[in-house]
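# Summary of structural features
Listed below are the residues making up each chain.
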Amino acid sequence: MNLLENPLITPLLRVDEPKRTRRAQALEILGAGLAAVEPGAAVRHNLTVDEGRRVLKVADQEYSLDSIERIFVVGAGKAGTPMALAVADILGERLTAGVLTVKYGHNSSEPLPARLNIYEAGHPVLDEAGIQATTRITNLLADLTERDLVLALISGGGSALLEQPVVGVTLADMQAVTGALLKCGATINQLNAIRKHLSRVKGGQLARLVAPARLVGLLLSDVVGSPLDVIGSGPTVPDTSTLQEAYGIIEGLGLLSTGQVPPSILSHFQRGLAGEVSETPKPGDPIFERVQNVVVADNRVAAQAALAKAAKLGFNTLLLSTFIEGEAREVARVLAGVAREIQATGQPIARPACILAGGETTVTIRGEGLGGRNQELGLAAALAIEGLTDVMIVALATDGSDGPTDASGAIAEGDTVRLARQKGLDPADYLRRNDAYHFFEAAGGLVKTGPTHTNVNDLTMILVF
């Protein structure tokens, strides 16, 4: 993906040299990372049809086409459209039917292939459209036989986009608990553990629905470390979390005492703890004997491709980690410290240096401002590298949507704070109010890419020129 050709990027390059060149290099590097995890290409790399041998090959596993009567494709996530289009192109007339749900604005602008239907719904908070689309998916999968094959395309955002709440829990209840969890800074693992135990399709329960047919999950990971049962809340994977653990997360985050958890959800968990609610399917359950799951792309793939591009541009490179988590503003201070070390000692790598860190931070909301975790990281980084020359820290959401904004992230430079103050802005005040979006909108440095149709967590980059 060439970000320099994206018209939304143009405002970032309306600066004087050498800043323009440096920003262009940063965007080239990140664009290479995004291109490496383009969902259609990732699917094509893992799914092929060999007509001569009459086999469908998924990664290293082969399925006899003569043993398959019907092939269905279902799925949910921001990358669903390009993944589904790739599957439809590969299968051609062999595709019986398909239903997927994607985030608003992430559907195809072109007519879809016959027998493939893609619906848009809410993210990160579930809405009625998501429930309706999921009902269409479950209806499609009724009456399957052992001779059927289902391809499940799961990508980032799938947890909100694929949902049938358990009996007694309403859409409003799900929205309330999801909103409360997001606001208090719950990690995606914590959020998904709770979602799985309030759902009839998550946590391996899609596999339960598909049985006895074969099921193949093609997963584009938006989760740190790519644990299969967490990606999209693991609809095709044995669930390693329990009702008791999910209830413990709610309790540990202090939500019980604040009254933010609807009574219906509390009742469901309490009945579960009393043994009155069935657990999600666990490892060893026979329903998984005919299930294959493949991670087609993840954060590490993006990070390594970005570093390869940086090396071609003449940078010394280092992958710091793809397991970065924690409060965004705290992570920013650590990354700023690494930049300072490079300037002072040439360690851990000499300049010109490009260090990549992948993962997903969180933000504990204290103010009423607007922003996302990458923008907040960028603002905190700008304060931490104030006055440094030849230093840049860039934070990017690979799906193009950072928090509830139209921005993807932000660029912080050593002079960001100084220039902002010249415009009458108080960076520290914006950070206190969690208002990074409006800060970078006014100060410059707000990165907008539009939907990238992929999602493999976040990429944060330290550049020391």
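For the structure itself, consult the block above.
Fair warning: this is a prediction, and the values are worked out from it, not measured in the lab. (Residues numbered from 1 in each chain as written. Predicted model: local features only at pLDDT ≥ 70, side-chain atom pairs only at ≥ 80, totals over all residues. Heavy atoms only, no water.)

Now for the overall build of the protein. On a plain count of helices and strands, the protein comes out with 17 helices and 15 strands. Here the C-alpha atoms of the protein give a radius of gyration of 23 Å, agreeing with the 23 Å that 2.2 N^0.38 yields for 465 residues. Principal-axis analysis of the C-alpha atoms gives the protein an extent of 65 × 60 × 40 Å. Across the 465 residues that make up the protein, the buried fraction comes to 58%. For the protein, the exposed area adds up to about 17,600 Å²; of that, 51% sits on carbon and sulfur atoms. (Helix = DSSP H or I, 4+ residues; strand = E, 2+ residues; numbered from the N terminus. Rg over C-alpha atoms; globule rule 2.2 N^0.38 Å. Buried < 20%, exposed > 50% of the residue type's maximum accessible area, 1.4 Å probe, protein only. Areas by Shrake-Rupley, 256 points an atom, 1.4 Å probe, with all protein chains shown as cover.)

Right, let's talk about the nonpolar core for a bit. Grouped together as the largest cluster of nonpolar side chains are 61 residues, with contacts concentrated most on Leu151, Leu218, Cys354, Met461 and Leu463. The dominant element in this core, judged by the number of residues it contributes, is helix H3 (residues 80–91), at seven residues. Not counting residues within four places of it along the chain, the set of residues in contact with leucine 218 comprises Val43, Val58, Met83, Ala152, Leu153, Ile154, Val294 and Val296. Val331, Ile342, Ala380 and Leu431 belong to the second largest nonpolar core, which has 40 residues in total. (Core = buried A, V, L, I, M, F, W, Y, C linked by side-chain atoms within 4.5 Å. Contact = heavy atoms within 4.5 Å.)

By the definition in use, this model includes 29 salt bridges. Among the ionic pairs, aspartate 229 bridges to lysine 196, the shortest N-O distance being 3.8 Å. In this pair, aspartate 229 sits in the loop between strand S8 (214–220) and helix H9 (243–252) while lysine 196 sits in helix H7 (residues 188–196), placing the two residues 33 residues apart along the sequence. The closest approach of N and O atoms between glutamate 360 and arginine 373, which form a salt bridge, is 3.5 Å. Of this pair, glutamate 360 sits in the loop between strand S11 (353–359) and helix H14 (373–384) while arginine 373 is found in helix H14, placing the two residues 13 residues apart along the sequence. Several salt bridges share partner residues, and in doing so they unite Lys196, Asp229, Asp239, Glu279 and Lys282 into one network. (Salt bridge = Lys/Arg side-chain N within 4 Å of Asp/Glu carboxyl O.)

On to the packing of aromatic side chains, then. Scanning the entire structure with this criterion turns up four aromatic pairs. Consider the rings of phenylalanine 315 and phenylalanine 465, whose centres lie 5.9 Å apart with planes at 65°: the pair is edge-to-face. Taken together, the residues phenylalanine 315 in the loop between helix H12 (299–312) and strand S10 (316–324) and phenylalanine 465 in the segment after strand S15 (458–464) connect sequence positions 150 residues apart. For the residue pair phenylalanine 315 and phenylalanine 465, the accessibility class agrees, reading buried in each case. Centre to centre, the rings of phenylalanine 439 and phenylalanine 440 are 5.1 Å apart; their planes meet at 80°, and the pair counts as edge-to-face. Take phenylalanine 440: its relative accessible area is 1%, and that puts it in the buried class. Ring-pair connections join several aromatic residues into one group, and the members of that group are Tyr430, Phe439 and Phe440. One cation-aromatic arrangement involves arginine 136 over tyrosine 119; the distance from NZ or CZ to the ring centre is 4.1 Å. Arginine 433 extends its terminal NZ or CZ atom over the ring of tyrosine 430, reaching a point 4.9 Å from the ring centre. (Phe/Tyr/Trp six-rings, centres within 6.5 Å; stacked < 30°, edge-to-face > 60°. Lys NZ or Arg CZ within 6 Å of the ring centre and 35° of its normal.)

Turning next to H3. Spanning twelve residues, H3 covers 16 Å between terminal C-alpha atoms, matching the ideal 16 Å at 1.5 Å per step. Burial runs high along H3: ten of the twelve residues are buried. Every buried residue belonging to H3 is among Gly80, Thr81, Pro82, Met83, Ala84, Ala86, Val87, Ala88, Ile90 and Leu91, and all of these are buried. Looking one or two places after H3, you find glycine 92, whose phi comes out positive at around 60°. (Expected span 1.5 Å × (residues − 1).)

Moving on, we come to the sheet that holds strand S14 (residues 446–447). With mixed pairing, the six strands of this open sheet are ordered in space as S10-S11-S15-S12-S13-S14. If you trace the sheet from one side to the other, it starts and ends with S10 and S14, each paired once. (Pairing = 2+ DSSP bridges.)

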